[in-house]
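Summary of structural features
Residue-level listing of the chains:
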Number of protein chains: 2
Amino acid sequence: MIHVKAYAAQSAASPIAPFSLDRRDPGPHDVQIDILYCGVCHSDLHQARNDWGNSLYPMVPGHEIVGRVKAVGAHVKRLKIGDLAGVGCMVDSCRHCAPCEAGLEQYCVEGATWTYNAHERGSQQLTFGGYSEAIVSDERFVVKIPPTMDLKAVAPLLCAGITTYSPLRHWKVGPGQKVGVIGLGGLGHMGVKFAKAFGAHVVMVTTSPGKGKDAIRLGADEVLVSKDLDAMAKAKGSFDFLLNTIPVGHDVNPYLELLKLDGAMVLVGALTPLDPVLGGNLIHGRRSLAGSGIGGMPETQEMIDFCAEHGIVSDVEMIRIQDINKAYERLLKNDVHYRFVIDMASLKDAG
Amino acid sequence: MIHVKAYAAQSAASPIAPFSLDRRDPGPHDVQIDILYCGVCHSDLHQARNDWGNSLYPMVPGHEIVGRVKAVGAHVKRLKIGDLAGVGCMVDSCRHCAPCEAGLEQYCVEGATWTYNAHERGSQQLTFGGYSEAIVSDERFVVKIPPTMDLKAVAPLLCAGITTYSPLRHWKVGPGQKVGVIGLGGLGHMGVKFAKAFGAHVVMVTTSPGKGKDAIRLGADEVLVSKDLDAMAKAKGSFDFLLNTIPVGHDVNPYLELLKLDGAMVLVGALTPLDPVLGGNLIHGRRSLAGSGIGGMPETQEMIDFCAEHGIVSDVEMIRIQDINKAYERLLKNDVHYRFVIDMASLKDAG
């Protein structure tokens, strides 16, 4: 067993606080990573507070994990001691269903094993996330990070990055297309960067006129303020693709109307019920409303390599682990540009 | 002007009753058709009674029109006097937008001109549908019907047929796929026939166990009763494609859960608001909820030719025009197998 300092929530009501945990010793296919940075995803907050009603305690959140390889099992091939490495939202899957065999482990028919707030496969042992000193994971669920990258700003790529990269690739977003990214937060700011890097004409669609300037800085060609009904009416039927990063249920109808013939809007944030969709908004224009969740492990590595090649990382604001509860409060107010990342060196000061 | 006997609704409250109308003389690109049969679509009833709040009176419903060519304009190429011909839901479109240029006139950016309950392009003249002796339409919006076909059973192909054929083609339904057709009515019975003809394994998904036997007769390989929660649970994640013919808003979530990775459900009936869609049902499995409306004119001709080649027509119940109001009442109770078709010879007896 490896004894690890960590921070955990003990219940829905308790703040994130110091916690000790034991990780398994690395097996023959495992990689042991000393965690250097961990991004703070909106879903960390929801799960820590049991907003989705499925929380398991004690919970060590964090699934945007980067660090340095400390040890590898005898059969590990892609990684060696000293490499920079990352772990995202999954640490295991069944590995034999059709999606797993296609490298789409996130859609595992039996359900992927999530990095935290889950049980290890075939065990009652809870999984524990990245708000901790170290993690041990099977090599298949570890990506290799090129040493040229700004590691702290790589962390959010493991969730916010792949969640936006994957649908833009799957729906073949590229040159000649007008693409909207709805919502400018952790996911949205990565969506803008990727859609731009793929060659699309990128429009930031936001409720907040104040976010326009920043959207342009991130790479957007235009800003469409969704509360400006005249601008929305003028934009009807003009978009090839919409990446919808809004993290809660909302009225998607005004966005569907923005799509041209055969256009698709893909949800990556809202797991909860949407306001009633008007069937006619799908039938007129043969539009699609779809969803997409993170990405498979081969595509996650592809995304990291793409980012290294194109100089793409997240815009991050560094925090100490001791400030995680304050960070959650700011997250609730969308007061972050655009992702908090915990400097795990701060954990040394923990009790 | 051509003077034509017809049946019309004069208001939302009035029954369909005898009516006289004038059609334009055929211009150089027009075809004049003596109507022999006209199918009765659910939307006839909704529009006659102003259920959608957009009705224009007097209204001559009917957009599943077949008959014999009586006259052709000088520039008409595809049709000649004596040919069997059909007119569906559209009689015009802008003809220069991208969808029109692609032969997808139903998605015309300016809006197609519907066969009834619309205005002729650039005019205040109402369009009048098929509950009448004759119709005059531009050749582009007329299909040619092979003389080998059972004409009365061809009529519903012009709406119910193309509405189901087009999405099954667009989403490339074929051998090796498990395809569900949801709802066994005018659209659903054609969906089963086409999905089977395209080589898919076809499952009729219905609320009514009593419809199972008929679904098998129509070509379904299996029946899934959607009120049987155990059967629905067992079928989760097993469908490649679902054609949803339910004509009103409903809860699509139990159907979305039937789809496997990258599966799509396409709405062809419900124009009105759906019950709230759970975003997670789209995100898990990267599923799509889409819509599709009728088909373009080239595809409508392709569908007719496919039906002629494969011996496909609708199952029809013949009525006299004098019985149209009774037929509407039976439609409201889903008491038809599977489409009423008006024998327009009965119009000779009209006042």
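None of these values were measured; they are calculated from a predicted model.

1. Here's the deal with the pattern of salt bridges
All names here are of chain A. Per the stated rule, a full pass over the model turns up 46 salt bridges over all chains. In this structure, Arg49 engages Glu329 in a salt bridge whose closest nitrogen and oxygen atoms are separated by 2.8 Å. Of this pair, Arg49 sits in the loop between α1 (42–48) and β4 (65–72) while Glu329 sits in helix α11 (residues 324–332), and the two are 280 residues apart along the sequence. Across the salt bridge formed by Lys193 and Asp315, the nearest N and O atoms sit 2.6 Å from each other. One end of the pair, Lys193, is in helix α5 (residues 186–197); the other, Asp315, is in the loop between α10 (297–310) and β16 (316–320), and 122 residues separate them in sequence. Residue classification places Asp315 among the buried residues on the basis of a relative accessible area of 17%. Taken together, the shared-partner salt bridges connect Lys193, Asp214, Arg217 and Asp315 into one network.

2. Notes on the domain arrangement of chain A
All names here are of chain A. Taken domain by domain, chain A consists of domain 1 (2–159 + 295–349) and domain 2 (161–291). Taking only C-alpha atoms into account, the centre of domain 1 sits 27 Å from that of domain 2. Listed per partner, the contact involves 19 residues of domain 1 and 19 residues of domain 2. Buried surface at the junction of domain 1 and domain 2, both sides included, amounts to about 1700 Å², of which 59% is carbon and sulfur. Our enumeration of links across domain 1 and domain 2 arrives at three salt bridges. Counting every contact that joins domain 1 to domain 2 gives 13 residue pairs in polar contact (both at pLDDT 80 or more). At six residues, α10 tops the list of elements feeding residues into the side of domain 1 that touches domain 2. Grouping the amino acids of the side of domain 1 that touches domain 2 by side-chain chemistry returns eleven nonpolar, four polar and four charged.

3. Notes on the side chain of Gln32 of chain B
The topology assignment puts Gln32 of chain B in strand β3 (residues 30–39). For Gln32 of chain B, the contacting residues outside a window of four places in its chain are Ile2, Pro26, Arg68, Val69, Lys70, Ala71, Ile135 and Val136 of chain B.

4. Regarding the interface of chain B and chain A
Taken together, the 33 residues of chain B in the interface contact 33 residues of chain A. Between chain B and chain A, roughly 2600 Å² of surface is buried when both sides are summed, and carbon and sulfur atoms account for 68% of that area. Our count for the chain B to chain A interface comes out at zero salt bridges. Our count for the contact surface shared by chain B and chain A stands at eleven residue pairs in polar contact (both at pLDDT 80 or more).

5. What to know about the environment of His63 of chain B
Residues and elements named next belong to chain B. Along the polypeptide, His63 turns up in the loop between α1 (42–48) and β4 (65–72). Judged by its relative accessible area of 8%, His63 falls in the buried class. When the C-alpha atoms of His63 and Pro209 are compared, they prove to be 31 Å apart, with 146 residues separating the residues in sequence. Those residues within four positions of His63 in sequence are excluded, and the remaining contacts are Cys38, Cys41, Ser43, Asp44, Val87, Gly88, Cys89, Thr115, Tyr116, Leu158 and Cys159.

6. Considerations on helix α5 (residues 186–197) of chain B
For α5 of chain B, spanning twelve residues, the distance from its first C-alpha to its last is 17 Å, which sits close to the expected 16 Å at 1.5 Å a residue. Of all twelve residues in α5 of chain B, ten are buried, a share of seventy percent or more.

7. Describing the pairing of strand β14 (residues 259–267) of chain A
All names here are of chain A. As paired elements, strand β13 (residues 239–244) and β14 share five bridges and run parallel to each other. Opposite Phe241, over in β14, you have Ala264 as the bridge partner. With four bridges joining them, β14 and strand β15 (residues 288–291) adopt parallel strand pairing. Its bridge partner lying in β15, Met265 is registered against Leu289.

8. A closer look at the relation of the copies chain B and chain A
Laying chain B over chain A is done by rotating through 180° and shifting 0.0 Å along the axis; what remains is an RMSD of 0.0 Å. The operation mapping one copy onto its partner corresponds to a two-fold rotation axis. Both copies share a contact surface, since 100% of the interface residues of chain B are interface residues in chain A too.

9. Some thoughts on the environment of Gly280 of chain A
Note that Gly280 of chain A resides in helix α9 (residues 279–283). Counting along the chain gives 27 residues from Gly280 of chain A to Asn253 of chain A, while the straight-line C-alpha distance between them is 9.8 Å. Excluding anything up to four places from it in sequence, Gly280 of chain A contacts Ala270 and Leu271 of chain B.

10. Things to note about the UniProt feature "domain: Enoyl reductase (ER)" (unreviewed entry) in chain A
Those residues carrying the UniProt feature "domain: Enoyl reductase (ER)" (unreviewed entry) are residues 11–342 of chain A in this numbering. Secondary structure across residues 11–342 of chain A comprises 25% helix and 26% strand; the distance between its end C-alpha atoms is 21 Å.

11. Some details on the sheet that holds β13 of chain A
With mixed pairing, the twelve strands of this open sheet are ordered in space as β12(A)-β11(A)-β10(A)-β13(A)-β14(A)-β15(A)-β15(B)-β14(B)-β13(B)-β10(B)-β11(B)-β12(B). Bordering the open sheet on either side are β12 (222–225) of chain A together with β12 (222–225) of chain B, each of which pairs with just one other strand. Between one strand and the next, the sheet's axes are offset by a mean angle of 20°, whatever the strand orientation. In terms of strand pairing, strand β10 (residues 178–182) of chain A meets strand β11 (residues 201–206) of chain A through five bridges, oriented parallel. Bridging across to β11 of chain A, Lys178 of chain A finds its partner in His201 of chain A.

12. Describing the side chain of Asn244 of chain A
Residues and elements named next belong to chain A. Looking at the element boundaries, Asn244 is found in strand β13. A residue is classified by how much of its surface remains accessible, and Asn244, at 0% relative accessible area, is buried. Among the polar contacts listed, one links the side chain of Asn244 to the side chain of His250, at a separation of 2.9 Å. Once residues lying within four places of it in the same chain are set aside, the contact partners of Asn244 are Ile182, His250, Val252, Tyr255, Met265, Val266, Leu267, Val268 and Gly269.

13. Points about the pairing of strand β3 (residues 30–40) of chain A
Residues and elements named next belong to chain A. The element β3 is largely enclosed, with a buried count of nine among its eleven residues. Sheet topology note: the β3/strand β8 (residues 134–138) ladder contains five bridges and is antiparallel. Opposite Gln32, over in β8, you have Val136 as the bridge partner. For β3 and β4, the ladder comprises seven bridges, and the chain directions are antiparallel. Across the sheet, Val31 pairs through a bridge with Val72, a residue of β4. Inspection of the sheet shows β3 paired to strand β17 (residues 339–343) by four bridges, in the antiparallel sense. By the bridge assignment, Tyr37 is partnered in β17 with Asp343.

Thresholds applied
- Residues numbered from 1 in each chain as written.
- Chains lettered and ligands numbered in written order.
- Predicted model: local features only at pLDDT ≥ 70, side-chain atom pairs only at ≥ 80, totals over all residues.
- Heavy atoms only, no water.
- Salt bridge = Lys/Arg side-chain N within 4 Å of Asp/Glu carboxyl O.
- Helix = DSSP H or I, 4+ residues; strand = E, 2+ residues; numbered from the N terminus.
- Buried < 20%, exposed > 50% of the residue type's maximum accessible area, 1.4 Å probe, protein only.
- Domains from an automatic or database assignment.
- Contact = heavy atoms within 4.5 Å.
- Buried area = accessible area lost by both parts, 1.4 Å probe.
- Polar contact = N/O pair within 3.5 Å; in protein donor to acceptor, adjacent residues only side chain to side chain.
- Nonpolar A, V, L, I, M, F, W, Y, C, P; charged D, E, K, R; others polar.
- Expected span 1.5 Å × (residues − 1).
- Pairing = 2+ DSSP bridges.
- Least-squares fit on C-alpha atoms with pLDDT ≥ 70 in both.
- UniProt positions renumbered as here; feature names shortened; annotations may be inferred.
- Axes fitted to C-alpha atoms, helices over the stretch in contact; angles between N-to-C directions.

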